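# Fold and contact review
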Amino acid sequence: MAPSPTRRTRSSTTPAADGPSVPGARSPAGMSRGCTLWSEPPEESAATMTEERNVVILGSGPAGFTAALYAGRADLEPLVLKGVDAGGQLMLTTEVENYPGFPDGILGPELMEAMEKQAERFGAELLHQAATRVDLSERPFRVWAGGQEWRARTLIVATGASAKWLGVPGEERLRGRGVSACATCDGFFFRDRELVVVGGGDSAMEEAIFLTRFASKVTIVHRRDRFRASKIMQDRALANPKISVIWDTVVEEILGDGQVTGVRLRNVKSGEVREFPTDGVFVAIGHTPNTQLFEGQLELDGGYIVVQEPTTRTSVPGVFAAGDVVDRIYRQAVTAAGMGCKAAIDAERFLQEEGR
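Residues numbered from 1 in each chain as written. Predicted model: local features only at pLDDT ≥ 70, side-chain atom pairs only at ≥ 80, totals over all residues. Heavy atoms only, no water.

This structure, assessed with the given rule, holds 18 salt bridges. Close ionic contact of Arg331 with Asp324 constitutes a salt bridge, the shortest N to O distance being 3.7 Å. Residue classification places Asp324 among the buried positions, given a relative accessible area of 13%. One salt-bridge network, in which partners are shared between bridges, spans Asp225, Arg226, Asp248 and Lys269. (Salt bridge = Lys/Arg side-chain N within 4 Å of Asp/Glu carboxyl O. Buried < 20%, exposed > 50% of the residue type's maximum accessible area, 1.4 Å probe, protein only.)

Bringing the sheet that holds strand E15 (residues 260–267) into the picture now. Spatially, the three strands line up as an open sheet ordered E14-E15-E16, and their pairing is antiparallel. Of all strands in the sheet, those with a lone pairing partner are strand E14 (249–256) and strand E16 (273–277), marking the two edges. Sheet twist, expressed as the average angle between the axes of neighbouring strands with direction ignored, equals 30°. (Pairing = 2+ DSSP bridges. Helix = DSSP H or I, 4+ residues; strand = E, 2+ residues; numbered from the N terminus. Axes fitted to C-alpha atoms, helices over the stretch in contact; angles between N-to-C directions.)

Further remarks concern the nonpolar core. Judged by nonpolar contacts, the single largest core of 59 residues is most densely connected at Leu58, Leu81 and Leu155. The element contributing the most residues to this core is helix H6 (residues 333–353), with nine residues. Judged by nonpolar contacts, the second largest core, of 21 residues, contains Phe190, Phe210, Phe282 and Ala284. (Core = buried A, V, L, I, M, F, W, Y, C linked by side-chain atoms within 4.5 Å.)

Strand order in this open sheet of five strands is E10-E17-E11-E12-E13, and the pairing throughout is parallel. Either end of the sheet is taken by a strand with one partner, and the two such strands are strand E10 (179–180) and strand E13 (243–246). In terms of strand pairing, strand E11 (residues 194–198) meets strand E17 (residues 280–283) through four bridges, oriented parallel. Bridge pairing links Val197 to Phe282 in E17. Contacts from helix H4 (residues 202–211) reach E11, strand E12 (217–221), E13 and E17, with the element oriented near 170° to E11. (Contact = heavy atoms within 4.5 Å.)

Let us now look at the packing of aromatic side chains. A complete count under the given rule lists seven aromatic pairs for this structure. Summarising the aromatic geometry, the rings of Tyr99 and Phe102 are spaced 6.4 Å apart at their centres and angled 50° between planes, so their arrangement reads as tilted. Residue classification places Tyr99 among the buried residues on the basis of a relative accessible area of 16%. Cluster of aromatic residues (ring-pair linked, three or more members): Phe188, Phe189, Phe210 and Phe214. Between the NZ or CZ atom of Arg133 and the centre of the ring of Trp144, over which it lies, the distance is 3.8 Å. (Phe/Tyr/Trp six-rings, centres within 6.5 Å; stacked < 30°, edge-to-face > 60°. Lys NZ or Arg CZ within 6 Å of the ring centre and 35° of its normal.)

Here we take up the pairing of E13. Relative to E13, E12 is paired through four bridges, and the arrangement is parallel. The residue bridging Val218 from the neighbouring strand is Ile243, located in E13. Regarding the hand of the β-α-β motif, the stretch spanning E12, helix H5 (residues 231–239) and E13 is right-handed. (Right-handed = clockwise from strand over helix to strand, strands pointing away.)

At a minimum axis distance of 7 Å, the contact between helix H1 (residues 62–73) and H6 shows a crossing angle of 35°. Crossing geometry of H1 relative to H6 is assigned as right-handed. Here Pro62, Ala63, Thr66, Ala67, Tyr70 and Ala71 of H1 come into contact with H6, specifically with Ala333, Ala336, Ala337, Gly340, Cys341, Ala344 and Ile345. Within the contact of H1 with H6, the residues separate by chemical class into eleven nonpolar, two polar and no charged. (Left-handed = near helix turned anticlockwise from the far one by under 90°. Nonpolar A, V, L, I, M, F, W, Y, C, P; charged D, E, K, R; others polar.)

Looking at the secondary structure, you find Asn54 in strand E1 (residues 50–58). Judged by relative accessible area, Asn54 falls into the buried class, the value being 1%. Reaching out from Asn54, the side chain makes a polar contact with the side chain of Arg153 at a distance of 2.6 Å. (Polar contact = N/O pair within 3.5 Å; in protein donor to acceptor, adjacent residues only side chain to side chain.)

See below:
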């Protein structure tokens, strides 16, 4: 029998799901500074109220929303703290072709909006806020967000991942001025320009293909002599007449004074260094799990939360984790959703064992 829901002590509004941003008529210098999947707002004022919930879910990608759906159907009235940029990595994706149930594909933001509405239908409460601090030293756990302290009998961590950067000179200085990690956010600003995409996985192929909608030429720079992307994505990229590849090469510096004008490249085999002109650099070399809040509180391995497979239980009883904070292998929307389902069921059974 599901634990009895906790009565809410205050009402809250649920903002509409974030849709894809619609850029204005700006130049590349005025482009957005990239999309952060889980960021912290400025330090909030002292918490004004404390509210205890059966389940608090941190994150709003496929894992978070699926966990919210299952927890809601179990009558647990979950609270979802969506984060500042809600919706996870699918908010940065154009057409999703490999999520079951959509034979013609679906836009990433549309899929996330549908997931959010479905979770809300079954009683999930969603707040457009990011957790800024957590205390997992005792139960109920303490979570701070938006000027309020929340108490959680169980906690599901689904905070996703954020883009990795190259860490080369010029990158940070020119971020938002020609340097980006999100083609769907910023590609619009580079109509009829020549661009560089750095990376060799599916994300890099997808970024490059998408950018050909706007750019006159896209050059993929990859440090190896072959891509690690799936064959179908490689074939699509290599067949595109606007895309070319520079193999065995790394970016050593991003050049420009106030706006990207080129990159300094080094061939890893010959050592040859040259400058390559470009109007923008899109970095697609992977992501880092957003687990900074849990350092020293949960067992981590390379930044990823360690779970007791096949469950989603973490090193702290009552805390569960799902999605890209756990998965360093598959990193698919459908696998994240599956883990979100498991986390909600694990949380429900944990509460049942306590007689809640």
